[in-house]
Amino acid sequence: MGKIAKTADRAKSESSELACPKCGKPMRIVKRARNREMGIAGGMYLSCSGCEFAEKL
């Protein structure tokens, strides 16, 4: 019988989430490709899921 993965039962840390300055929804860290429409280069960004806000880290 196989082992149970230990990563599945980790609690999600709420303290690391930042609120978006535009809409107030939580932001997350994402890796983005270059986007000419938004006028941003590729790299690591803080990105909002509710609006188009992105801030480079």
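This text follows the structure it describes.
Notes on the structure in this doc start here. Computed from a predicted model, the values in this text were never measured in an experiment. (Residues numbered from 1 in each chain as written. Predicted model: local features only at pLDDT ≥ 70, side-chain atom pairs only at ≥ 80, totals over all residues. Heavy atoms only, no water.)

## Quick word on the sheet that holds strand β3 (residues 43-48)
Consideration 1: Sheet architecture is open: four strands sit in the order β1-β2-β3-β4, paired in antiparallel fashion. In this open sheet, the two edge strands, each paired with only one partner strand, are β1 (18-19) and β4 (54-56).
Consideration 2: The sheet contact formed by strand β2 (residues 26-32) and β3 spans six bridges and is antiparallel. Bridge pairing in β3 places V30 opposite Y45. (Pairing = 2+ DSSP bridges. Helix = DSSP H or I, 4+ residues; strand = E, 2+ residues; numbered from the N terminus.)

## Focus on the pairing of β2
Every regular strand shows the same layout, with side chains that alternate between the two sheet faces.
Consideration 1: Sheet analysis places β1 next to β2, joined by two bridges and oriented antiparallel. Bridging from a neighbouring strand, L18 pairs with M27 of β2.
Consideration 2: Linking β1 back to β2 in an antiparallel pair, the connection comprises six residues, with G24 at a positive phi of about 85°.

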